[in-house]
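# A look at the structure
Take a look at the letters that make up each chain.
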Amino acid sequence: MIEVKNLQKSYGDLEALKGLSFEVPRGQIVGFLGPNGAGKSTTMKILTCYMPASAGSVSIDGHDAFEAPLEVKKRIGYLPESTPLYSDMTVYDYLAYVAAMRDIPAHDRDARVRKISTTCGASTFLGQDIGTLSKGQRQRVGLAQALIHDPPILILDEPTSGLDPNQIREIRSLIKDLGRDRTIILSTHNLTEVMLTCDRLIIIHQGAIVADGTPEELEQREAQNPTIVLEVAGEGVDAEAVLKAVTALEAVTTAINRSNAHGRVTLAIEGRDGADIRPDLHALAVEKTWSVFELRRDALDLEGIFRQLTRQA
Amino acid sequence: MNHTWTLARRELMSYFNSPIAYTAIAVFLLLAGLQFLYGLVTPGAFGPGADFFEANEASLRVFFEGIPLLFAVFLPAISMRLMSDEQKTGTLELLVTLPVSEMQIIAGKYLASLVFLAVTLLFTVPYALTVAWLGNPDIGPILGGYCGLFLIGATYLAIGLMTSTWTQNQIIAFLLAAMICSGLYFVDSLVGNVWAATRPFFESISFKAHFQNISRGVLDTRDLVFFLSLITIAILLAAHSLESRKWKA
C-alpha cells in the first residue's frame, strides 16, 4: 500500500511537484503519464528515497520514506530512467552483488540470480560484460536487479524507452506477469503501453495530477463532449466561408479548421452541452449545397485526452 | 558491516577488472624503484651525485622520504573515481536506493581503497628484502616507515574519497585531492621557511613532519592521532556530502 500526501518538490525557484496526492492499493499496476518534465521521475525518486520531498509525505506499508528509508527501500525494487549499471562487471557478478546487498543469504544467491535472469530473459548473457550489452539486454538486467529480492513494490521509470517494438512487447508482457502479485508503478509517455499494461492511469502535468482513473473511465469521461468532424468540398467553397457559416449555428460552441491542402475543407466542431449537432450540420450543408465527404463523431481516444489535458497553458 | 564488505568487494572487482589499476600500480612501482635507487623525487638524498649503492647505507630512508610525494599523485588517481564515477554514470541512484546508509557506502568505498593501498605497498617489499640481503638494516625504521606510509596513504585516500563526492568530474576530484595532499605535505617548508614565526604551527599540521616522526621508527600517539583525526574528518565530510542530496530544498 502506497500513500502519497500533498507531495511537493522545488529545485530552487522551479516547482517540480505542486502537491501530488494518491494511494495505490496492493496489486495494482499504475501508469504515470505525462510529457517530459512533468514530474514523473521526481515523484519516483522521492518514492524510492533517493531524495526527499520539500513538503508532504510518502508512506509505504506504513513506513515513512523520510523517517524510515531503510524499511521503505527493502520493500521496493527500482529501475531508474536510462538504466544505470556498472559497465565493467559481468551480468552475473552484478546480479550476485545486488543479491548480497539485498540480504539474500549466500547459499541462495546463485539460484536466485539464475531464476530471476530466466524470468527476465537475461539468462543467455549472464557471463557478458554489462558494457557490451544492447539496450534491450541492459533493460532486462535492470529489471532483474529490481526483482532480485522479490519486492512487493516495483517502481519502473520508463521501462520501455529506447527499445524496439518487439522488445517493448516482451517487456510489456513481463510487466503484466509481474503485476499479478505485486504493486507496480511505471512511468512512460507511450499511451499504447499504458492502455495495454496498466489498471490505472495517473496523468501528471506541470507537477500536478490532471487525471486519475482506469483507461476506460478516462475515455468515458471525455466521450460526454464529443467532437464532430465535418469534411466538405464544392465549387468556390473555402475554409473561411465554411468556418463562418458553421460557427454561426446556434448549437455550435467551437469550430477549428483542420483542412489539408487537397481542396476539401475539414472542421472539428464541438456542440453546446455535448448536444449531437450532426443533424444541424447536415441541414446546413444541404442549404449551402456543399458536397459532404465525411460527417462523424470523433470518439476521443486516450491520445486525445492526453493532448487535451497536457496542452501548454 | 556485511554490506560494507560487499560494497568493498565490488569496488575491488571493478579496480582489478579494468586496466587502470594495473597501469597505475606499474607506473607507481617504476617511479618507486627509481626513488629507491636514485632518489628520484628527493635529489641529493644519497649525498651529492650518489645513488643507493654509492651511498653504501643499508636502509630504506630515501625510499620512505620520497614515497609520500609519489603518493600525493598516485593515490588521488586511485580514489578519484570512487564516487565521481557513480554520480556521472547515474549508478549512484541505484546504490543509494539499496537498503544501506550513506556511511556504509562511504566505508565500503574507503575499505576497498585501503586494500588497494596495502596491495601496492606489498609490491614494494622486495626493496626491503634487497636491503636486508645486501646489508644489515635496522628493522625498526623499516617497520615504522611502512606504518607511516600506510597511515599517510590512508589519509590521502580519505581526502581523495571526500573530493570525489564533491564532483562528478574525475579530473577535478583528482586535482583537488592532489592539491590538498601535497599542500598539506609541504606546508611547513613552504610557509614556515618564509615566515619563521609560524613554523611550529605549520609543522604541527604538516604531513611531512608527522610522517618523518613515524618513519624514524618512533610511533608517537600525537602523530597517530593526527592522521586518524584527519581520516575521520574526511570520511565524515564525504558521508555528509553524499547525504546532502537529502537536504530539503
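Further up the page is the structure itself.
A brief look at the structure comes next. What you are looking at is a predicted structure, and each value in this text was computed from that prediction instead of being measured. Numbering of residues starts from 1 in each chain and follows the order in which that chain's sequence is written. As a convention, the first chain written is A and the first ligand written is 1, with the rest following in written order. Restriction of local features to residues with pLDDT of at least 70 applies here, the model being predicted, together with a cutoff of 80 or more for giving and counting side-chain atom pairs; totals for whole chains, interfaces and linings are based on all residues.

A separate point is the packing of helix 3 (residues 91-101) of chain A against helix 4 (residues 106-119) of chain A. All names here are of chain A. The axes are straight lines fitted to the C-alpha atoms, using for helices just the contacting stretch, and the angles between their N-to-C directions are given from 0 to 180°. Helical segments are the DSSP runs of H or I of at least four residues, strand segments are the runs of E of at least two, and each set is numbered from the N terminus. Where helix 3 meets helix 4, the closest approach of the two axes is 10 Å, and the angle between their N-to-C directions is 120 degrees. As for the relative orientation of helix 3 and helix 4, their crossing is right-handed in sense. The residues of helix 4 that touch helix 3, namely those facing Tyr92, Leu95, Ala96, Ala99 and Ala100, are Arg109, Arg112, Val113, Ile116 and Ser117. Among the residues forming the contact of helix 3 with helix 4, the class breakdown is seven nonpolar, one polar and two charged. Each crossing gets its hand from how the near helix is turned against the far one by less than a right angle, where anticlockwise is left-handed and clockwise is right-handed. Throughout, a pair of residues is in contact if the C-beta atoms placed from their backbones lie within 7 Å. Here the term charged refers only to Asp, Glu, Lys and Arg, the term nonpolar to Ala, Val, Leu, Ile, Met, Phe, Trp, Tyr, Cys and Pro, and the term polar to all other amino acids, Gly among them.

Right, let's talk about the nonpolar core for a bit. If you look at the biggest cluster of nonpolar residues, it comprises 133 residues, and the most contacted ones within it are Leu95(A), Ala158(B) and Leu161(B). Among all residues touching Leu95(A), those that are not within four sequence positions of it are Val113(A), Ile116(A), Ser117(A), Ala144(A), Gln145(A) and Ile148(A). A set of buried residues drawn from Ala, Val, Leu, Ile, Met, Phe, Trp, Tyr and Cys, joined through C-beta atoms within 7 Å, is what defines a nonpolar core. Labels follow a simple rule on C-beta atoms placed from the backbone: if 20 or more others lie within 10 Å of a residue's own, it is buried; if 12 or fewer, it is exposed; otherwise it is partly exposed. With 14 residues, the next largest nonpolar core counts Leu230(A), Val232(A), Ala255(A) and Ile269(A) among its residues.

Listed as interface residues are 23 residues of chain A and, on the opposing side, 21 residues of chain B. Considering every element that reaches the side of chain A that touches chain B, the biggest residue donor is helix 3 of chain A, with four residues. A per-class count over the side of chain A that touches chain B returns 15 nonpolar, four polar and four charged.

This paragraph deals with the environment of Thr119(A). Residues and elements named next belong to chain A. Mapped onto the elements of the fold, threonine 119 is located in helix 4. We classify threonine 119 as partly exposed; it has 16 C-beta atoms within 10 Å. Taking the C-alpha atoms as reference, threonine 119 lies 9.6 Å from leucine 147; in sequence the two are 28 residues apart.

All names here are of chain A. Even without a glycine there, the phi angle at asparagine 6 is positive, about 45 degrees. Considering the arrangement of structural elements, one finds asparagine 6 in strand 1 (residues 2-11). Owing to 13 C-beta atoms within 10 Å, asparagine 6 belongs among the partly exposed residues under this scheme. Phi at serine 82 takes a positive value of approximately 65 degrees, unusual for a residue other than glycine. Its 17 C-beta neighbours within 10 Å are what place serine 82 among the partly exposed residues.

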